[in-house]
Amino acid sequence: MAAFNRKLPAALLALAGVGLPCAHALGAAPAPTAGPILLDAQSSELDLKTNNVYFRKVRIAQGANSVTADQGQATREALGSSGFDNSLWVFRGNVKITMQGGLLTADEAQVNFTKKLLAKAVAHGKPAEFEQHLEKTGKTAHGHADDIDYDASKGLVRLTKNAWITDGDNEVRGESLKYNVIAQSIIADAAEQNSQRVHIIITPTTTPNKP
């Protein structure tokens, strides 16, 4: 495995006009935001046999949006001027995908960039987790599962295997749950439960007694 330049060329570190979805929380992809994508790493190596580049302590960011991990992996072509048009990155170890109002954490994640946008992230963990600030209530929605599939274009987070979601008041458990980050709603389709039942815990809202 050959050593790769620690300081990547400026053309690769700042791609003008590239936009991650600057969404409402983990929301759907709006129009791309102006500004560069920045790729920063502690070190990098190029494997000439596989044509893959490995980054240590990597961070890919644009504005308030970022992906950080202990290790990042992509093909050499993914670092070209058109690499973020259609590329797959694999991140491992302490993976954090941060967007305005939302956070997805996992042990490992495969992230697809399409048309210079983060289009999809498939995260795995024990468990993988996500959270989103709820503007209406001021509380935070939390969810965790073994696998979390985030579709940026639809603004949809799908949790499978030991899925659990709370909106700060009520809890929902099931084999497979969906969370719409735009509507801030939980979806539990019966057809996706593998014969298991969905369990809901509702916490009543209490009002203090007047003196």
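Keep in mind it's a predicted model, so treat the numbers as computed, not measured.

With omega at 0 degrees, the peptide bond leading from Lys126 into Pro127 counts as cis. With respect to the helices and strands, Pro127 occurs in strand E8 (residues 117-133). In this structure, Lys161 takes a positive phi of about 70 degrees despite not being glycine. One non-glycine residue, Gln184, adopts positive backbone phi at about 55 degrees.

Membership of the largest hydrophobic core comes to 43 residues, with the highest contact counts inside it found for Trp89, Phe91 and Ile97. Breaking this core down by element, the ones donating at least two residues are strand E4 (52-62), strand E5 (65-75), strand E6 (86-99), strand E7 (102-114), E8, strand E9 (140-151), strand E10 (156-166) and strand E11 (171-180). Look past the residues within four positions of Trp89 in its chain and what remains in contact with it is Leu39, Phe55, Ile60, Gln73, Ala74, Ala78, Leu79, Phe84, Ala109, Gln110, Val111 and Phe113.

Looking now at the pattern of salt bridges. If the charged atoms of two oppositely charged side chains come close together, the side chains can form a pair. For the structure on display, the rule yields 5 salt bridges. Linking Lys120 and Asp149 is a salt bridge whose minimum nitrogen-to-oxygen distance equals 3.7 Å. Here Lys120, found in strand E8, pairs with Asp149, found in strand E9; they are 29 residues apart in sequence, far enough to count as distant. A relative accessible area of 24% places Asp149 in the partly exposed class. The partner of Lys139 in a salt bridge is Asp169, with the nearest N and O atoms 2.3 Å apart. Of this pair, Lys139 sits in the loop between E8 and E9 while Asp169 sits in the loop between E10 and E11, and the two are 30 residues apart along the sequence.

How each quantity is defined
Residues numbered from 1 in each chain as written. Predicted model: local features only at pLDDT ≥ 70, side-chain atom pairs only at ≥ 80, totals over all residues. Heavy atoms only, no water. Helix = DSSP H or I, 4+ residues; strand = E, 2+ residues; numbered from the N terminus. Core = buried A, V, L, I, M, F, W, Y, C linked by side-chain atoms within 4.5 Å. Buried < 20%, exposed > 50% of the residue type's maximum accessible area, 1.4 Å probe, protein only. Contact = heavy atoms within 4.5 Å. Salt bridge = Lys/Arg side-chain N within 4 Å of Asp/Glu carboxyl O.

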